[in-house]
Amino acid sequence: MTVTHNSKKVGQMNSNDRKNPSLIADWKTLERIFIRPEDEACRKTLVKYMEQILFGLHDFLNSNVGVTQEISLLELTNLYRDTLISPDPEKKLENVISDIIHKIAPRAVNVASPYFVGHMTAAIPFFMVHLKTIVAALNQNVIKLETSKVLSVIEKQVLAKIHRLIYRRDEAFYQTHVQSVDTSLGAFTTGGTTANLMAMWVARNHFLGAGVEQQGMAAAMQAKGVERAVILVSKRGHYSLKKAGGILGLGNSNVLAMDVDQHQRMDMKKLEVTIRNLKKDGKTGIIAVVGIAGATETGTVDPLGEMADLCLGQGIHFHVDAAWGGPVLLSERYAPLLKGIERADSVSMDGHKQFYMPMTSGMVYFRDPGAMDQIAYYSNYVNREGSVDLGIKSLEGSREANALILDSSLKIMGSRGYALMIDHGIETAKAFAAEIEQRVMFEVVTPPELNILTYRMVPPDVCRRLEHADPKGREILNGYLDELNIYIQRTQREAGKSFVSRTRICPVPGSEGGRVVLRSVIMNPMTTNAVLREILDEQERIGQGFCDPIPQIL
Ligand SMILES: *Cc1c(COP(=O)(O)O)cnc(C)c1O
């Protein structure tokens, strides 16, 4: 199955093409679209496109456009400037779908390409499209039982399964809570950002007392006798925690970025000292300490066990942001890397990252099944007190039945199926790091603990000069390397075959500014060592163009 592609037509549409006198908005047509597709012929076409979407789209994109079709952002934005809604229908459904497949998809980003290794968004198993389609077709709203019934019951079951994966409580515990009306083991969210926000919301209310929800921060802090409330997370913390600080009224400058050690993990000595000092002044409340299981930039895992010891000993809420790394628990081989997570008060995980679910889905879990009582809201038309309505303890209101996707996927894959993907990611990342080390043009900056690594190009000549340079000279040389690596990342992205991302990392604790590094995330099972070697080859070619000759000023 292939999708035919007419490149001449791409982007040549203007508003004159839009008028289609045969299309009218009338009641008869309207009724039809709620019952079945326009007519038999159209129905066949729609089925044909569904086949293409399921089986042909990725093949087509991989073989014809690589990662994305080349077009400048300016050209692209100029095609989308019309701001009037057409009063009359412009297109039939089959033509709309055909346009999306032929004109829009090639200019989207083919995140399923094995050469797309720069971000945490990648290929998903093809059955996810079926499952997502079913969720859309059923259109359940799990805000309440009346609009979802069995889907709410399934959500509670899936939440219990993942809770058990994290916390490994006994069978009796899960029998008590799996379908309990009064308690909650967690919640589905739209993603890691909202999962972190929910965890911090619960932690804030737990610390300041339920009055904070009603009276606000000023009254609650006064009652508690504190002048400010903080969240502690390492410098590698995800910026969603800053948002949580802002939204929850702590102020995002009170989300304190703790130093990391040379492995990019929480510096435990500094954390201990910070907590001791904060407690000493008596004016600061510590809402939560956050450990990271799979940092967004480096994939590193904080010393969760030591952090749990510290927090539990002092009665501080310990949250683990496992948005990225959580599913590593499904791998027998690598689950021990997350040891300590089972002692967290709360854990966030993303569905649309390493559970390989389609956008957008996240989850948050609480060790204490009563913890979410802190954020219960009722209303008379939905979510009456005493009902099992999932909307009672949830940041979101209306929500799709994403639990059905995860539940089905766990059935299709089993934990072993997921483990194959997790293990492949981690082991391929390690092999990639070895390949980078072997090449004279590159150095690994942060080796992969999970399946994310950062590296940069350092031509041997610059490397030698770095070793002998004084601080001022090193600054100039590192500035040159930053430019070189930005150039490589940008040029490769624009060429459109491969994609790695870039960020700025301080490889040495305490050093200022940081260095530009290339970042790759290995999560696509189709990304092989051979693919990664090709990506490095291309980067070497691009880099050589930039460095020839190396400027005299260096
Ligand atoms: C991706 C990520 C988040 C945010 O999740 P979204 O789904 O993008 O909202 C939070 N924390 C970590 C560690 C992440 O990797």
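Residues numbered from 1 in each chain as written. Predicted model: local features only at pLDDT ≥ 70, side-chain atom pairs only at ≥ 80, totals over all residues. Heavy atoms only, no water.

### Quick notes on the overall build of the protein
Per the secondary structure count, the protein includes 18 helices and 11 strands. C-alpha atoms of the protein, sized along the principal axes, occupy 75 × 75 × 45 Å. Expressed as a percentage of the 554 residues in the protein, the buried residues total 51%. A sequence separation of at least 24 residues applies to 72% of the contacts in the protein between residues at least 6 apart. (Helix = DSSP H or I, 4+ residues; strand = E, 2+ residues; numbered from the N terminus. Buried < 20%, exposed > 50% of the residue type's maximum accessible area, 1.4 Å probe, protein only. Contact = heavy atoms within 4.5 Å.)

### Here we look at the state of the cysteines
Applying the stated criterion across every chain yields a total of zero disulfides. Unpaired in terms of disulfides, Cys 463 finds its nearest cysteine sulfur in Cys 547, a separation of 13 Å. (Disulfide = S-S within 2.5 Å.)

### With respect to empty space enclosed by the protein
Throughout the structure, instances matching the rule amount to one cavity of 30 Å³ or more. When its volume is computed, the largest cavity comes out at roughly 50 Å³. Arg 236, His 238, Ile 292, Gly 294, Ala 295, Thr 296, Asp 321, Ala 323, Trp 324 and Lys 353 together form the lining of the largest cavity. Among the residues making up the lining of the largest cavity, the classes are represented as four nonpolar, three polar and three charged. (1 Å grid on protein atoms, 1.4 Å probe; cavity = no way out; pocket = protein on both sides within 12 Å on 5 of 7 lines; lining within 4 Å. Points joined across faces, edges and corners; volume = space filled by probe spheres on them. Nonpolar A, V, L, I, M, F, W, Y, C, P; charged D, E, K, R; others polar.)

### Here's the deal with the site of the ligand
Surveying the vicinity of the ligand reveals 15 residues, the closest of which are Thr 193, Asp 321, Asp 350, His 352 and Lys 353. Asp 350 places a side-chain nitrogen or oxygen 2.8 Å from an oxygen atom of the ligand. Between the ligand and His 352, the relevant distance is 2.8 Å, taken from an oxygen atom to a side-chain nitrogen or oxygen of the residue. If the ligand stood free it would expose 380 Å²; the protein chains cover 86% of that surface. Here the element with the most residues in the shell around the ligand is helix α9 (residues 192-208); it accounts for three residues. (Near = heavy atom within 4 Å. Polar contact = N/O pair within 3.5 Å; in protein donor to acceptor, adjacent residues only side chain to side chain. Areas by Shrake-Rupley, 256 points an atom, 1.4 Å probe, with all protein chains shown as cover.)

### Thoughts on the pattern of salt bridges
Counted according to the given criterion, the structure contains 31 salt bridges. Between Glu 332 and Arg 416 there is a salt bridge whose closest N-O contact spans 3.9 Å. A residue pair is termed long-range when its members are at least 10 positions apart, and Glu 332 in the loop between β5 (317-321) and β6 (346-350) and Arg 416 in helix α15 (residues 402-438) qualify at 84 residues. Summarising the burial analysis for this pair, Glu 332 and Arg 416 share the class exposed. Between Glu 443 and Arg 456 there is a salt bridge, with its nearest N and O atoms 2.9 Å apart. (Salt bridge = Lys/Arg side-chain N within 4 Å of Asp/Glu carboxyl O.)

### So, the UniProt feature "modified residue: N6-(pyridoxal phosphate)lysine" (unreviewed entry) in the protein
When the UniProt feature table is mapped onto this chain, "modified residue: N6-(pyridoxal phosphate)lysine" (unreviewed entry) is found at Lys 353. For Lys 353, the position within the fold is in the loop between β6 and β7 (362-366). Lys 353 has contacts with Met 120, Ala 323, Trp 324 and Met 523, leaving out every residue within four places of it along the chain. (UniProt positions renumbered as here; feature names shortened; annotations may be inferred.)

### So, the sheet that holds strand β10 (residues 501-505)
Read across the open sheet, the four strands follow the order β8-β9-β11-β10; overall the sheet is antiparallel. A single partner strand is all that each edge strand has here, and the edge strands are β8 (442-446) and β10. In this sheet, adjacent strand axes meet at a mean angle of 45° when their direction is disregarded. Two elements, strand β9 (residues 452-457) and strand β11 (residues 515-521), share four bridges in a ladder whose sense is antiparallel. Residue Tyr 455 lies in a different strand from β11, and its bridge partner there is Leu 518. Sitting on the sheet, α15 is in contact with β8, β9 and β11, with an inclination near 15° to β9. (Pairing = 2+ DSSP bridges. Axes fitted to C-alpha atoms, helices over the stretch in contact; angles between N-to-C directions.)

### So, the sheet that holds β5
Here we have seven strands laid out as an open sheet, ordered β1-β7-β6-β5-β4-β2-β3, and mixed in their pairing. The sheet terminates laterally at β1 (186-189) and β3 (255-258), the two strands that pair on one side only. In this sheet, neighbouring strand axes are inclined to one another by 20° on average, regardless of whether the strands run parallel or antiparallel. Two strands pair when backbone bridges link them, and strand β4 (residues 284-292) and β5 are joined in this way by five bridges, in the parallel orientation.

### Considerations on the domain arrangement of the protein
Assigned domains within the protein: domain 1 (15-105), domain 2 (190-371) and domain 3 (414-544). Computed over C-alpha atoms, the centres of domain 1 and domain 2 are 43 Å apart. (Domains from an automatic or database assignment.)

### Side note on the packing of helix α16 (residues 460-468) against helix α17 (residues 471-495)
Put simply, α16 and α17 touch, their axes get as near as 9 Å, and they point 155° apart. As judged from the angle between their axes, α16 and α17 are roughly antiparallel. The interaxial crossing formed by α16 with α17 has left-handed handedness. Contact with α16, carried on its side by Val 462, Arg 465 and Leu 466, involves Arg 474, Leu 477, Asn 478, Tyr 480 and Leu 481 of α17 and no other residues of that element. Taken together, the residues of the contact of α16 with α17 sort by class into five nonpolar, one polar and two charged. (Parallel < 35°, antiparallel > 145°, perpendicular 65-115°, else oblique. Left-handed = near helix turned anticlockwise from the far one by under 90°.)

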